[in-house]
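Residues per chain, in single letters:
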Amino acid sequence: MKPVILLVGRLPGVDETVARELQDMPVEWLGAHDRDEVARQLEAEPAIACVVMGAGLDDRIRGELIGVIASRRPDITIHLKDRASGPGGMADFVRRVVAAEVLR
């Protein structure tokens, strides 16, 4: 069974965008872009190994989502992408996180 990674981004379809760039990685990608979607994914998929959150979200929203994730799934790690690398840096960041935290 492949590990499941939840990608949280500002725009819908973040999982599809990143998955296209990282199709060589042996993982299953899920995506969410708001609180309700994050909560649904956490409830529906017990195999989520970690969460990677993009930098396009407002800090207040990121903080709120961290609270939602941590309260529902204290067993998974949450990784926040920096803003300096811009949107183009998301796939590289996700690759590094997954390689170091999930596929090690």
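A. Geometry of the overall build of the protein. Helix and strand counts for the protein stand at four helices and four strands. Traced from its N-terminal end to its C-terminal end, the protein shows the element sequence β-α-β-α-β-α-β-α. Its C-alpha atoms give the protein a radius of gyration of 12 Å, within 12% of the compact-globule value 13 Å for 104 residues. Split into buried and exposed, the 104 residues of the protein put 44% on the buried side. Long-range pairs, those at least 24 residues apart, make up 69% of the contacts in the protein between residues at least 6 apart in sequence. Here the protein displays about 5700 Å² of accessible surface, and carbon together with sulfur accounts for 51% of that area. Mean positive and mean negative side-chain charge positions of the protein (14 and 17 charges, respectively) differ by 3 Å.

B. Representation of the layout of surface pockets in the model. Here the largest pocket defines a volume of roughly 410 Å³. Among the elements of the structure, α1 (14–21) and α4 (90–102) are those that each provide at least two residues to the lining of the largest pocket. The element contributing the most residues to the lining of the largest pocket is α1, with four residues. Tallied by class, residues from the lining of the largest pocket come to eight nonpolar, seven polar and four charged.

C. Broad picture of the pattern of salt bridges. Across all of its chains, the model carries seven salt bridges by this definition. Its salt-bridge partner being D24, residue R95 comes within 3.0 Å of it at the nearest N-O pair. Of this pair, R95 sits in helix α4 while D24 sits in the loop between α1 and β2 (28–32), and the two are 71 residues apart along the sequence. Residue E101 pairs with R104 through a salt bridge whose shortest N-O separation is 4.0 Å. Under the relative-accessibility criterion, R104 is labelled exposed at 73%. Where salt bridges share partners, they join R35, R60 and E64 into one cluster.

D. Summary view of the packing of α1 against α4. Packing of α1 against α4 leaves a shortest axis separation of 10 Å and a crossing angle of 75°. Viewed along their axes, α1 and α4 adopt a mutual orientation that is roughly perpendicular. Residue-level inspection shows V14, V18 and E21 of α1 in contact with α4, the latter providing M90, A91, V94 and R95. Within the contact of α1 with α4, the residues separate by chemical class into five nonpolar, no polar and two charged.

Thresholds applied
Residues numbered from 1 in each chain as written. Predicted model: local features only at pLDDT ≥ 70, side-chain atom pairs only at ≥ 80, totals over all residues. Heavy atoms only, no water. Helix = DSSP H or I, 4+ residues; strand = E, 2+ residues; numbered from the N terminus. Rg over C-alpha atoms; globule rule 2.2 N^0.38 Å. Buried < 20%, exposed > 50% of the residue type's maximum accessible area, 1.4 Å probe, protein only. Contact = heavy atoms within 4.5 Å. Areas by Shrake-Rupley, 256 points an atom, 1.4 Å probe, with all protein chains shown as cover. Lys, Arg positive; Asp, Glu negative; His and termini not counted. Charge placed at Lys NZ, Arg CZ, Asp CG, Glu CD. 1 Å grid on protein atoms, 1.4 Å probe; cavity = no way out; pocket = protein on both sides within 12 Å on 5 of 7 lines; lining within 4 Å. Points joined across faces, edges and corners; volume = space filled by probe spheres on them. Nonpolar A, V, L, I, M, F, W, Y, C, P; charged D, E, K, R; others polar. Salt bridge = Lys/Arg side-chain N within 4 Å of Asp/Glu carboxyl O. Axes fitted to C-alpha atoms, helices over the stretch in contact; angles between N-to-C directions. Parallel < 35°, antiparallel > 145°, perpendicular 65-115°, else oblique.

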